[in-house]
Amino acid sequence: VALTGGEPEAAAVPQRVDRFVSTYVLDLLSERDMYAVLDSAERALDPERGLLLLAGITWGWRDSARTALTTLLWEAVYRVRPQTVPADS
């Protein structure tokens, strides 16, 4: 586990790793930075045993009304006060 300053470049790891976990982070990055992080993860993961775990916000209206309402609220907050929910850095 390595704590970073949050910059996408910090995802570059000098050696192979067996896990890369990103929870609710890619949602906050610009598309360019998101792809940079995913490219870094691909390079860092061990090709034999490396596992990638990603979690993010998505519309879940089919499976859960609660998820749909949470996502709707999150988007409403972003529209009113985007600095509260940064989408692009």
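Quantities reported herein were computed from a predicted structural model and do not represent experimental measurements. (Residues numbered from 1 in each chain as written. Predicted model: local features only at pLDDT ≥ 70, side-chain atom pairs only at ≥ 80, totals over all residues. Heavy atoms only, no water.)

Novice: Could you give me a rundown of the overall build of the chain, with the residues and numbers involved?
Specialist: A count of helices and strands for the chain gives two helices and two strands. Ordered by position from N to C terminus, the α and β elements of the chain give β-α-β-α. Burial statistics for the chain: of 89 residues in total, 21% are counted as buried. If you take every contact in the chain between residues at least 6 apart in sequence, the share linking residues at least 24 apart comes to 65%. Accessible surface, the chain: about 7,100 Å² in total, of which carbon and sulfur atoms supply 57%. (Helix = DSSP H or I, 4+ residues; strand = E, 2+ residues; numbered from the N terminus. Buried < 20%, exposed > 50% of the residue type's maximum accessible area, 1.4 Å probe, protein only. Contact = heavy atoms within 4.5 Å. Areas by Shrake-Rupley, 256 points an atom, 1.4 Å probe, with all protein chains shown as cover.)

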